[in-house]
Amino acid sequence: MAQDRVEAVERALTVLEAFDADQEAFTLAELAQATGYYKSTLLRLLGSLARFDYVQRSHDGRWSLGSAPLRLARRHPPSRHLTARVQPLLDRLAAETGETAALLENHGHHVECRLVALPDAALRHELRPGSQWPLIAGDDPRPELPGGDMLLHALPSVPGEPRRWLTLSGPTSRLDARSEAALKAALNELTTVGNEGETEAMT
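Rules used throughout
Residues numbered from 1 in each chain as written. Predicted model: local features only at pLDDT ≥ 70, side-chain atom pairs only at ≥ 80, totals over all residues. Heavy atoms only, no water. Salt bridge = Lys/Arg side-chain N within 4 Å of Asp/Glu carboxyl O. Helix = DSSP H or I, 4+ residues; strand = E, 2+ residues; numbered from the N terminus. Buried < 20%, exposed > 50% of the residue type's maximum accessible area, 1.4 Å probe, protein only. Expected span 1.5 Å × (residues − 1). Contact = heavy atoms within 4.5 Å.

Labelled according to an unreviewed UniProt entry, the chain appears under the name Helix-turn-helix domain-containing protein, originating from Halomonas sulfidivorans.

Asker: Whenever I open this one, the pattern of salt bridges confuses me. Can you help?
Answerer: Oppositely charged side chains are able to pair whenever their charged atoms sit close together. Tallying each qualifying case throughout the model produces 11 salt bridges. When the shortest N-O distance is used, the salt bridge between E99 and R174 registers 2.8 Å. Placement of the pair is E99 in the loop between helix 5 (77-97) and strand 3 (100-107) and R174 in the loop between strand 7 (164-171) and helix 6 (177-190), with a sequence separation of 75 residues. Residue R174 is classed as partly exposed on the basis of its relative accessible area, which comes to 30%. Residues E105 and R164 are paired through a salt bridge, measuring 2.7 Å at the closest nitrogen-oxygen approach. Note that E105 is positioned in strand 3 and R164 in strand 7, a separation of 59 residues in sequence. A single burial state applies to E105 and to R164, both of which are buried. Several salt bridges share partner residues, and in doing so they unite R92, E96 and E189 into one network.

Asker: Is there a simple way to explain helix 3 (residues 39-51) in this structure?
Answerer: Every α-helix winds through 3.6 residues per turn, so residues three or four apart in the chain are directed the same way. For helix 3, built from 13 residues, the straight-helix expectation of 18 Å at 1.5 Å per residue is met to within 8% by its first-to-last C-alpha distance of 18 Å. At its buried positions, helix 3 is contacted by helix 1 (7-17), helix 2 (28-35), strand 1 (55-57) and strand 2 (63-65). Taken from the residues just after helix 3, D53 is the one with a positive phi, measuring 65°.

Have a look at this one:
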């Protein structure tokens with residue numbers, strides 16, 4: 001019914017739908033072509049969406065999704081189960097090693113920090129949930145860490161799910177064989193196969 005519609009909201013949602021594509025970022029002209037809206041209208045809509053972090057604009061003027069859609073997606077039951085399963089393990093791993101423990105996910109050409117636990121150390125890798133960076137190599141999601149390093153192990157792949165890595169990062173001088181052993185032990189715990197033959201961490 002017409003009285004149940006808010007035109008401005010529907011226009012904003014139409015803009016968001018344009019980002020449901022393989023392309024990671026769009027110019028204003030590309031969004032105008034995808035939505036059929038004038039550029040002046042698009043700029044107003046994008047400005048409102050950006051204020052709530054649904055979209056973000058890069059230094060080259062291209063638009064991409066912000067962190068708000070990902071944050072809301074985590075409220076979906078499977079995502080909540082993943083958090084409940086993995087976060088305590090990351091907390092323990094960070095406490096045991098004194099390094100930053102994280103779960104990374106691959107989203108297209110980007111890597112996102114999905115979950116993280118920070119150690120009580122003045123010198124540490126500052127990583128936050130929702131942080132993103134380009135995926136340079138297909139099997140190596142590590143960001144550039146001047147003076148630091150990141151140990152990582154890939155989790156078993158699950159059809160329909162993004163690739164995920166369990167990581168431990170910090171100053172290069174502190175990451176040693178004990179750090180690697182702790183990370184492997186955490187991975188083994190995380191990938192314990194349940195009675196139904198499915199990886200518990202991913203279900």
